[in-house]
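# Fold and geometry: a report
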Amino acid sequence: MTETKRDLVAEIKRLKQERSALILGHYYQLPEVQDIADFVGDSLELSCRAATTPAKVLLFCGVYFMAETAAVLSPEKAVVIPDLQAGCPLAAMITPEALKAKRSQLREAVVVTYVNTTAAVKAESDIVCTSANGPKVVRSLPPDSTILFVPDRNLGQWVASQCPGRRLILWDGYCPIHDQIRPEDILQAKKEHPEAQVLAHPECRPEVLALADRVGSTSGILRFAREGSAREYIIVTEEGLLHQLRKENPGKEFYLASPRLICPDMKRITLDKVYQALRFLEPRVEIPAPVRERAVLAVKRMLATG
Ligand code: 13P
C-alpha cells in the first residue's frame, strides 16, 4: 500500500469514529474497500446487519439497491452511499408500473421479489428474497400458491429446481455479468484446472449451473470453499469475491471462470469516495415515506422466515 493510501485509510478510520458510522461492504467491492469495512457480507447478511446495528450512520459500500434496502430497514439512520451512480442493471429491468400491470393479470399470484430491485418495486411485492434464501422463502408460502418471481429469470429457475411442485412464473430479467457466462467458459476453465471444483452463483444461466459442483450466494460460495476438501476452485461470480476467498483460505487456489466477471457498478466505490462521503455525510439515500412503509413489509416478511 502506498503512503497516500495509508494516510487515506487512517483518515477514514478517524472520521468513521468521529461520525459514529458503520461501514458495510459487499463482497464484490474493491479489495481495499472490503478491508476498511466493519462488516463485509452477502445481500442477506448486509440487510440483517443494517436492521440490527445501533450505529446512527451507515456508510454503504455496494450498489444503490443495497443501500436502499438498508434505508428501508432503518429510517432513523443516515444511509450514505459513496457514489450515487453505482446502479444495478438487473434492478433496472423491472419498474413498479410493469410489476403492477403483470400482477393485475395474475390476480391470485404471490409476488416474490429478488432483493436486487428498487424500493419502489419492493413496495409492490409480497415478500423479498436473496440468493441465499430464495428456496426457503418460496417454501414458506402456501404450497398451492402461484408465484410471480421477479426480476431474475436465472435465479427464479434455480429456485424452482430446489422447490419441486411449486409453480413459479418468471420475469425475463438477468444480471448481465453472470448471464454472459456460457458452458464453454466453464469447460475451458475445467480443462485448465482439471482438479478444481466449480462454485457458481445462481444468477448464472441454468446450463452453466448444470456444470457446477455447488451453487450458492456469495457467502454460500465462501462456505463451500472453507468447508470443501478440494484444493482448487473455479469461481463463477463477480471477481471481488476472490479477495475474501484468498484471505480465508491461504492454502487453496481460486480461479475466476472468466475475466469478464467484473461488475463496473460495484467498482465505482473507491477509497477516495468513501473518504469524501464520510466527510460530508453525502450522498444520502432517501426514500419517500409511502414507498418505504410498503417496501419494509416485504423485506421484514423475508427476515421473519429466519
Ligand atoms: P449475494 O446476495 O449472493 O451477495 O449476491 C448479490 C448480487 O448482487 C449478485 O449479483
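The structure presented is a predicted model; accordingly, all values stated were derived computationally and were not measured. (Residues numbered from 1 in each chain as written. Predicted model: local features only at pLDDT ≥ 70, side-chain atom pairs only at ≥ 80, totals over all residues. Heavy atoms only, no water.)

## Thoughts on the sheet that holds strand β5 (residues 110-114)
Within a sheet, neighbouring strands are paired by backbone hydrogen bonds and run either parallel or antiparallel to one another. Read across the open sheet, the four strands follow the order β6-β5-β7-β8; overall the sheet is parallel. Every other strand in the sheet has two partners, leaving β6 (127-129) and β8 (167-170) as the edge strands with one partner each. The mean angle between the axes of side-by-side strands here comes to 30 degrees, regardless of whether they run parallel or antiparallel. Two strands pair when backbone bridges link them, and β5 and strand β7 (residues 146-150) are joined in this way by four bridges, in the parallel orientation. Pairing of Val112 across the sheet is with Phe149, part of β7. Of the strands in this sheet, β5, β7 and β8 are in contact with helix α8 (residues 153-162), which crosses β8 at around 170 degrees. (Pairing = 2+ DSSP bridges. Helix = DSSP H or I, 4+ residues; strand = E, 2+ residues; numbered from the N terminus. Axes fitted to C-alpha atoms, helices over the stretch in contact; angles between N-to-C directions. Contact = heavy atoms within 4.5 Å.)

## What about the packing of helix α4 (residues 64-73) against helix α15 (residues 289-304)?
Running from N to C, α4 and α15 point in directions that differ by 95 degrees, and their axes come no closer than 9 Å. Taken as axis vectors, α4 and α15 run roughly perpendicular relative to one another. Residue-level inspection shows Thr69, Ala71, Val72 and Leu73 of α4 in contact with α15, the latter providing Arg292, Ala295, Val296, Val299, Lys300 and Leu303. Taken together, the residues that form the contact of α4 with α15 break down as seven nonpolar, one polar and two charged. (Parallel < 35°, antiparallel > 145°, perpendicular 65-115°, else oblique. Nonpolar A, V, L, I, M, F, W, Y, C, P; charged D, E, K, R; others polar.)

## Thoughts on the pattern of salt bridges
Scanning the entire structure with this criterion turns up 20 salt bridges. Measuring nitrogen to oxygen at the nearest pair gives 2.8 Å for the salt bridge that ties Arg226 to Glu248. Highlighted residues: Arg226 in helix α12 (residues 218-227) and Glu248 in helix α13 (residues 241-248), separated in sequence by 22 residues. The exposure class of Arg226 is partly exposed, given its relative accessible area of 45%. A single network of salt bridges, built from pairs that share partners, joins Arg153, Asp172, Asp179, Arg205 and Glu207. (Salt bridge = Lys/Arg side-chain N within 4 Å of Asp/Glu carboxyl O. Buried < 20%, exposed > 50% of the residue type's maximum accessible area, 1.4 Å probe, protein only.)

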